Amino acid sequence: MDLQSFLRFPLEDLPFIVLALIIAFTVHEFAHAYSAYKFGDDTAYNAGRVTLNPRVHLDVLGTLLILIAGFGWAKPVPVNPSKFSSPRVMSIIVTLVGPLSNLIIGTLGIIIYVALIASGVLDSASVGVSAAVDRFFDYFIWYNFLLFIFNLIPLPPLDGYRIIADLLPLRLRYKMDQNVQWGMFIFLLIVFIPPLRSVTLDPILGLGADLMNNTFAWVYQIFF
């Protein structure tokens, strides 16, 4: 049995996928850490997380699972809301900037890619270079839009759950936190059971594809 049988993606695409994921995960976690630090919480700063060094953000198992199962995670950023002057509002912002950072760099990826096409730079490149650029931007753009939508799903341990929890009254939040293990169990069932995934997770991720395609169309109108 060869390595390809264990992977969700073509073996020859791994360098592009890994590079795209490293950037996407690093920017996402840095956004959490940096915004928390700016709001007065030095927990992530003291843990060395206010950096764009990928080594402090990547989780080996979480990254490997993306290559094998198509989903995964980075190391969560430690945040202490009690250090914020407005704990609830600032907690929501700190949580939200992670997914938003992926939307922003995904959109920048589209702008750069379309600009390269419009400028004709890729026309003068070799077939190999042109194909490599195409593959990298395909994965980079898709993963960032995917992470934006995926992380907004209101199930633990995703950012969407934390945002919903911070919006609710404390009484309801305590009840949610007491049952968080069931939310994680539901999340795993949705991911690993194809019939459940096809009617829950896949349609949600389809929104990411729609958003990406609409953004592509908007950027194309600007350059062409």
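Coordinates for the structure precede this section.
Residues numbered from 1 in each chain as written. Predicted model: local features only at pLDDT ≥ 70, side-chain atom pairs only at ≥ 80, totals over all residues. Heavy atoms only, no water.

Got a sec to walk through the pattern of salt bridges? Specific residues and values, please.
For the structure shown, the criterion picks out five salt bridges. In this structure, the salt-bridge partner of Arg 135 is Asp 13, at a minimum N-O distance of 2.8 Å. Of the two residues, Arg 135 is situated in helix α5 (residues 127–150) and Asp 13 in the segment before α1 (14–38); the sequence distance between them amounts to 122 residues. According to the relative accessible area criterion, Arg 135 is partly exposed, its value standing at 34%. Judged by relative accessible area, which is 8%, Asp 13 ranks as buried. One salt bridge in this structure joins Arg 173 and Asp 166, with 2.5 Å as the shortest N-O distance. (Salt bridge = Lys/Arg side-chain N within 4 Å of Asp/Glu carboxyl O. Helix = DSSP H or I, 4+ residues; strand = E, 2+ residues; numbered from the N terminus. Buried < 20%, exposed > 50% of the residue type's maximum accessible area, 1.4 Å probe, protein only.)

Which residues make up the packing of aromatic side chains, and what values go with them?
Tallying each qualifying case throughout the model produces ten aromatic pairs. On the numbers, 6.1 Å between centres and 80° between planes, the contact of Phe 39 with Phe 84 is edge-to-face. In this pair, Phe 39 sits in the loop between α1 and α2 (43–46) while Phe 84 sits in the loop between α3 (60–69) and α4 (87–119), placing the two residues 45 residues apart along the sequence. Take Phe 84: its relative accessible area is 4%, and that puts it in the buried class. Aromatic pair Phe 136 and Phe 137: ring centres 5.3 Å apart, planes at 70°, arrangement edge-to-face. Every member of this aromatic cluster is reached through a ring pair, and the members are Tyr 113, Phe 136, Phe 137 and Phe 140. (Phe/Tyr/Trp six-rings, centres within 6.5 Å; stacked < 30°, edge-to-face > 60°.)

Before we move on, can you summarise the nonpolar core with the specific residues and values?
Across soluble globular proteins, nonpolar side chains have a tendency to be buried as a group. Residues Ile 110, Ile 141 and Tyr 143 are the most contacted members of the largest nonpolar core, which totals 39 residues. When residues of this core are traced back to their parent elements, those giving at least two are α1, α3, α4, α5, α8 (180–192) and α10 (201–223). Here Tyr 143 is in contact with Phe 9, Ile 17, Ala 20, Leu 21 and Ile 66, once residues within four sequence places are set aside. (Core = buried A, V, L, I, M, F, W, Y, C linked by side-chain atoms within 4.5 Å. Contact = heavy atoms within 4.5 Å.)

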